[in-house]
Amino acid sequence: MIVWRQHVRIDSSHGLLAAGTHGVSGADRLVRATPSEAYERHVVRVLNQIASSRVGALVVNRLTAIGRPLRIVPRVNLHQRIAQTPAAVSFDRGANRFAAGVTGREGEHGETNTGLVGTGRGARASIIAFSPGARLTSAQASVYAEDSALVHEMVHSLRALSGHEDGRGIGTHFHNIEEFSAILVENIYRSSTGRHRIRESHRMHDARSFDDRTHAGQESVNDLFRRIYAKPLARFREQEPQLASALATVTAPFNPLRV
Ligand SMILES: [Zn+2]
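Residues numbered from 1 in each chain as written. Predicted model: local features only at pLDDT ≥ 70, side-chain atom pairs only at ≥ 80, totals over all residues. Heavy atoms only, no water.

*Asks:* I would appreciate a short explanation of empty space enclosed by the protein in the present structure.
*Replies:* To locate leftover empty space, one rolls a probe as large as a water molecule over the atoms. Going through the model one piece at a time under the given rule, you end up with three cavities of 30 Å³ or more. What lines the largest cavity is Trp4, Arg5, His7, Val8, Val60, Leu63, Thr64, Arg68 and Met154. Counting residues per element, the lining of the largest cavity draws most heavily on helix α2 (residues 54-66), at three residues. Its residues assigned to classes, the lining of the largest cavity shows five nonpolar, two polar and two charged. (1 Å grid on protein atoms, 1.4 Å probe; cavity = no way out; pocket = protein on both sides within 12 Å on 5 of 7 lines; lining within 4 Å. Points joined across faces, edges and corners; volume = space filled by probe spheres on them. Helix = DSSP H or I, 4+ residues; strand = E, 2+ residues; numbered from the N terminus. Nonpolar A, V, L, I, M, F, W, Y, C, P; charged D, E, K, R; others polar.)

*Asks:* So what exactly am I meant to see when it comes to the pattern of salt bridges here?
*Replies:* Oppositely charged side chains can pair when the atoms bearing their charge come close. Enumeration according to the criterion identifies seven salt bridges in this entry. One salt bridge in this structure joins aspartate 11 and arginine 71, with 3.4 Å as the shortest N-O distance. Here aspartate 11, found in the loop between β2 (8-10) and β3 (14-17), pairs with arginine 71, found in strand β5 (residues 70-73); they are 60 residues apart in sequence, far enough to count as distant. Both residues of the pair, aspartate 11 and arginine 71, belong to the buried class. As a salt-bridge pair, glutamate 186 and arginine 190 come within 3.0 Å of each other at their nearest N and O atoms. Note that glutamate 186 and arginine 190 are positioned in helix α7 (residues 177-193) at a spacing of four residues, about one turn of the helix. The class of glutamate 186 is buried, set by a relative accessible area of 1%. Arginine 190 sits in the buried class, given a relative accessible area of 2%. (Salt bridge = Lys/Arg side-chain N within 4 Å of Asp/Glu carboxyl O. Buried < 20%, exposed > 50% of the residue type's maximum accessible area, 1.4 Å probe, protein only.)

*Asks:* Sorry if this is basic, but what is going on with the packing of aromatic side chains here?
*Replies:* For any pair of aromatic rings, the description rests on two quantities: the centre-to-centre distance and the angle between the ring planes. The tally for this structure, following the rule as stated, stands at seven aromatic pairs. Look at phenylalanine 174 and phenylalanine 225: their rings are 6.4 Å apart centre to centre, the planes differ by 65°, and that puts the pair in the edge-to-face class. Note that phenylalanine 174 is positioned in the loop between α6 (146-161) and α7 and phenylalanine 225 in helix α8 (residues 221-228), a separation of 51 residues in sequence. Considered together, phenylalanine 174 and phenylalanine 225 belong to a single accessibility category, that of buried residues. Judged by centre distance (5.6 Å) and plane angle (50°), the rings of phenylalanine 180 and tyrosine 229 are tilted. In this pair, phenylalanine 180 sits in helix α7 while tyrosine 229 sits in the loop between α8 and α9 (230-239), placing the two residues 49 residues apart along the sequence. (Phe/Tyr/Trp six-rings, centres within 6.5 Å; stacked < 30°, edge-to-face > 60°.)

*Asks:* How should the sheet that holds strand β1 (residues 2-4) be read in this particular structure?
*Replies:* Two orientations exist for strands paired in a sheet by backbone hydrogen bonds: parallel and antiparallel. Spatial strand order, β1-β2-β5-β6: four strands in an open sheet with mixed pairing. Edge positions in the sheet fall to β1 and β6 (126-129), since each has one partner strand and no second. Adjacent strand axes in the sheet meet at a mean angle of 25° when their direction is disregarded. Bridge count for β1 against β2 is three bridges, and the pairing is antiparallel. Residue pairing for β2: isoleucine 2 is matched across the bridge by isoleucine 10. Here helix α1 (residues 37-51) sits on the sheet in contact with β1, β2 and β5, set at roughly 5° to β1. (Pairing = 2+ DSSP bridges. Axes fitted to C-alpha atoms, helices over the stretch in contact; angles between N-to-C directions. Contact = heavy atoms within 4.5 Å.)

*Asks:* I'm lost on the environment of asparagine 77 in this one. Help?
*Replies:* Relative to the elements of secondary structure, asparagine 77 occurs in the loop between β5 and α3 (87-90). Given a relative accessible area of 17%, asparagine 77 falls into the buried group. Residues asparagine 77 and arginine 258, 181 residues apart in the sequence, show an inter-C-alpha distance of 42 Å.

By themselves, these observations are geometric and do not establish any function.
Okay, here's the thing in structure tokens:
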């Protein structure tokens, strides 16, 4: 186990066995795993990469300010080995559901709009199931990046830990407020690092640039986004005032929070 920045533990002695894969029934559950130093060091490298960027550092600082434990574990298979699951599975539903499950409620995020809203008390701890290094199809590889995926999950975690989870549907590509919030920050991160295109929806294969719809410069990508997503943006500012105001100072091509 490696402790990173005081509150983050990278722990491969357990892993998330996701329901619905390899004939696993019931709910996602944490099981014993064969520890892997290589896995833990890999996650530390991704965390350091995140923290070295402006947006990533803001997310890390927010988690530090909340001060509750965050654990990062691998996804595992039935043989307790780290699962090389495709990214589409590895960073989203199961991981979020599990992190949310620590609060005592299952299935907060993902593609299900539960309508559940955090009480503001927050979870005592959050767990992210993250298996970097998965083999990807070329479609996945064009969108997926380990650091962006982990930033996304860290946003879910900081919201779970501060009691701001919000599973209310918003009737758009983002499924619900929770996913909108995570993808918003992920996209600002992606844009600020300039290494990956932004995601236009919660589904990976839909990812393409908003530029496709803003040709001829009629409307900037940020104006377009602010117009379409005015309500969920306002909700994000209400729920995450510290993070939103910090992000408002970030210069990036995509940053609808910038004022
Ligand atoms: Zn998510």
